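Here are the chains, one letter per residue:
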Number of protein chains: 2
Amino acid sequence: MTTDLLARRERLLGPNVPIFYDEPVHLVRGEGVWLWDADGRKYLDCYNNVPHVGHCHPHVVEAITRQASTLNTHTRYLHEGILDYTERLTATLSHDLSQLIMVCTGSEANDIALRMAQAVTGKTGIIATDNTYHGNTLATSQLSTRRPPIGGYPRNVRLVPAPDTVRPVGGSLDGQAQAFADNVANAIAELEAEGCGFSGFMFCPVFANEGIPAIKPGFLDPTAEVVRRAGGLMLCDEVQPGFGRIGDTFWGHDWLGIAPDVVTIGKPMANGHPAAAVIARPDIMSAFRTAFGYFNTFGGNPVSCAAAMATLDVIESDGLQENARAVGAYALDRLRRLEHPWKAEARGSGLFFGVEFVRPDGKPATDFAAQLVEFMRRNGVLMNRIGRDMNTLKMRPPMPFGTEHADLAIDLLEQALREVPHVE
Amino acid sequence: MTTDLLARRERLLGPNVPIFYDEPVHLVRGEGVWLWDADGRKYLDCYNNVPHVGHCHPHVVEAITRQASTLNTHTRYLHEGILDYTERLTATLSHDLSQLIMVCTGSEANDIALRMAQAVTGKTGIIATDNTYHGNTLATSQLSTRRPPIGGYPRNVRLVPAPDTVRPVGGSLDGQAQAFADNVANAIAELEAEGCGFSGFMFCPVFANEGIPAIKPGFLDPTAEVVRRAGGLMLCDEVQPGFGRIGDTFWGHDWLGIAPDVVTIGKPMANGHPAAAVIARPDIMSAFRTAFGYFNTFGGNPVSCAAAMATLDVIESDGLQENARAVGAYALDRLRRLEHPWKAEARGSGLFFGVEFVRPDGKPATDFAAQLVEFMRRNGVLMNRIGRDMNTLKMRPPMPFGTEHADLAIDLLEQALREVPHVE
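Residues numbered from 1 in each chain as written. Chains lettered and ligands numbered in written order. Predicted model: local features only at pLDDT ≥ 70, side-chain atom pairs only at ≥ 80, totals over all residues. Heavy atoms only, no water.

A.B. asks: Looking at this model, I keep getting lost on the side chain of Asn384(A). Mind explaining?
C.D. replies: All names here are of chain A. For Asn-384, the location among the structural elements is in strand E14 (residues 384-386). Relative accessible area serves as the criterion here: at 11%, Asn-384 is assigned to the buried category. Ignoring anything within four residues of it in the chain, the contact list for Asn-384 reads Phe-20, Tyr-47, Val-373, Thr-392, Leu-393 and Lys-394. (Helix = DSSP H or I, 4+ residues; strand = E, 2+ residues; numbered from the N terminus. Buried < 20%, exposed > 50% of the residue type's maximum accessible area, 1.4 Å probe, protein only. Contact = heavy atoms within 4.5 Å.)

A.B. asks: Please clarify how the pairing of strand E12 (residues 353-357) of chain B should be interpreted in this entry.
C.D. replies: Two faces, one strand: in a regular strand the side chains alternate between the faces of the sheet. Residue and element names in this part refer to chain B. In terms of burial, E12 is a largely internal element, five of the five residues being buried. Going residue by residue along E12, you find Phe-353, Val-355 and Phe-357 tucked away on one face and Gly-354 and Glu-356 tucked away on the opposite face as well. One ladder, built from five bridges, connects strand E11 (residues 343-348) with E12; its direction is antiparallel. If you follow Lys-343 over to E12, its bridge partner there is Phe-357. Between the antiparallel neighbours E11 and E12 lie four residues, among them Gly-350 with a positive phi of about 60°. For E12 and strand E15 (residues 392-395), the ladder comprises four bridges, and the chain directions are antiparallel. Note that in E15 the partner of Gly-354 across the bridge is Lys-394. (Pairing = 2+ DSSP bridges.)

A.B. asks: Can you help me understand the relation of the copies chain B and chain A in this one?
C.D. replies: Relating one copy of the chain to the other requires a rotation about an axis plus a shift along that axis. By a simple turn and slide, chain B fits onto chain A: the slide is 0.0 Å along the axis, the RMSD is 0.0 Å, and the turn is 180°. In short, the pair behaves as if placed about a two-fold rotation axis. Mapped onto chain A, 100% of the interface residues of chain B are again interface residues, and the two copies thus contact each other with one and the same surface. (Least-squares fit on C-alpha atoms with pLDDT ≥ 70 in both.)

A.B. asks: Teacher, can you tell me more about the domain arrangement of chain A here?
C.D. replies: Think of interface size as the accessible area that goes away when the parts come together; that is how it is often given. Residues and elements named next belong to chain A. Each domain of chain A was delimited in the assignment, giving domain 1 (2-53 + 319-419) and domain 2 (58-317). For domain 1 versus domain 2, the distance between C-alpha centres works out to 25 Å. Taken together, the contact between domain 1 and domain 2 spans 34 residues of the former and 37 residues of the latter. Summed over both partners, the interface of domain 1 with domain 2 comes to about 2,700 Å²; 53% of that surface belongs to carbon and sulfur atoms. Put simply, domain 1 and domain 2 have two salt bridges between them. Measuring nitrogen to oxygen at the nearest pair gives 3.1 Å for the salt bridge that ties Asp-130 to Arg-388. Of all the secondary-structure elements, those providing two or more residues to the side of domain 1 that touches domain 2 are helix H10 (320-337), strand E11 (343-348) and strand E12 (353-357). Looking at the side of domain 1 that touches domain 2 residue by residue, the classes come out as 16 nonpolar, ten polar and eight charged. (Domains from an automatic or database assignment. Buried area = accessible area lost by both parts, 1.4 Å probe. Salt bridge = Lys/Arg side-chain N within 4 Å of Asp/Glu carboxyl O. Nonpolar A, V, L, I, M, F, W, Y, C, P; charged D, E, K, R; others polar.)

A.B. asks: Any chance you could explain the sheet that holds strand E3 (residues 42-45) of chain B here in plain terms?
C.D. replies: The pairing of strands in a sheet comes from backbone hydrogen bonds and takes either a parallel or an antiparallel form. All names here are of chain B. The four strands are arranged E1-E2-E3-E13 in an open sheet whose pairing can be described as mixed. With one partner strand each, in any of the chains shown, strand E1 (27-31) and strand E13 (381-382) form the two edges of the open sheet. For E3 and E13, the ladder comprises two bridges, and the chain directions are parallel. Note on E13: the bridge partner recorded for Leu-44 is Val-381.

Quick look at the structure:
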């Protein structure tokens, strides 16, 4: 059956389509933090952040059904849906981040954020880290080392060394924030010398794709100062950390203590219904909308707004941010106490964890981490890997993840650490 | 109420957000070809092609509800949904257009199509018409004269004069196809001289945004020859004409008699659920997927596939392509017989019509067309305008549009032509 599906995929979707696991999982059902495959096997989902309030949450499904049965159209007619949602969402944001454009994917959102920086500054130079992902459009792929652009990076893009807690930028954890900012300053100087000028710095406030390094609040303060002094915008990609996942705060940038000029959101926004958005200060929105008459056919349609609104309902009614904080702290404590000679660091924020493995010779334990992921999958727990060398376990479960789920996953991980061979 | 909503829009969404009508419509409900506003007024929808099989079609809503209650995830796990849909969809296409990437918006689809041309040719030069729209991403806006890119058109883009039946390219209808191709040939030579080389020509097979000019099958034959001789790809944007709308054929390019290398689809694909796709020959898909490891979080998720599949179900079960052919022919005949001194041309393909108005001095009757649209809206029929000078009425209703709806709309249009002043 799985073999059939793989052959059909190759025939119908072509080569090189990303897929998870040596033995891919054929899923047929989801509920809460659980997934089931075609053979009736049950998996604990420790990976997917898109089903934020739980797979197939009935409140979100009901909202989609109700609105899809009533009206689905576009924003060139008037409808309360997008206005009610924008009011409720922007109430969670400070820094005068009070206006929104709704789109369908995080890539579309970041593609707009880049142009907001262009519209405000009149420049094109853009900076991101050298181990990240901000989207799959032609423009955003130029900031995505995980999916590099066809033809290579253009001259208006500079990628600076990503933060790292095992191998910190500049050589020491204490000096990393300043060393990172110094690299951004150098990149700005290069962009100015190149004639592109500098428009903005795009970042994830927990550096999720970089491997969620164990940085501290304030880490980007020196960088923000450098960026602002050069007239650039701070473009904050909250596609992964947003909506309470990191526990302590609803947004990653509030945890980091940074005031962004633009915030983009996506994946968990509508619990899997394709919705994303760009939120900006009115002066920035106005500059963009004067330069470009943006319209998105599906963006902000009443069904997407209803799904996004229902997702906020459940986050609030089920106390999911507080759950992320409490369960996240519990799980991180257990992950930190895991013992293995190759374990370099367990780190996390709320319900987002990384466990990094390094070999005794200092090299990344990439294959070992891969085997751990496969062991977990074979035994009914779905997680994956991240980081520059893919030697860090990545856990980012749906938000109704409880301590009993954390125990189940971490008990199995303990077993994996005992049973998966670590050969030098 | 409407005033309140407009003020909230300005405050929450910012300035310059596209909206229809002098007195915007506040919609609350849709069913079939009908829409209702907050005051209970009923409108005949002669504009929206996204609710292809009718607003809020219960079969599509049921499919969405069923799948959203069961499983919604991404394509890095195995699922039949995307495979079943791809098999069924590609069976409607010839020319070995047999592999698909599913995304969320037509803009994302065209953004990929541009990169397929880059990946195959190793060149970046791209050509479109000078009165069109292919998307709102940074890259696709460079081909969109209706939403020009911030900072202007880059040097790898050439825009050739759009086909027109009232003012044909090259001066005569007979010579227009060759004159159009000659302009494409000149643009290719310019791109080669510029050092970009030529990667492809992107076009809508009915030139929908250009005002759906009354061209004939074979129109692009000379252009296709020029494009192929130069090694470029024919990138066919079927976002508007696709899925049976033009009546005679399921796809616009089959009506035109053109073999595209890449086809993009969007708006009507899932009846309003955000879904779009790129379909290509295996050699082209392979070149793209080798150059770029594309993955789209929401693209091809089981719910989007279920919605798209259900949309195909209704197109087939309700004979909507044949309906578009029959009702389209009936309505076009009536539109052609409309009498007004400023009426220059009534034209159309299936359920897609344009009625162009020109003043006696030869200038476009832009204001007059605008007043007709407002008259229709005030009297319960929604349509809009298109064309270089926005002097062409645009009608593109949901596909279950019957002769009784055509009569209602055209009777009212007759009244509008009598009552709206046409002052020199």
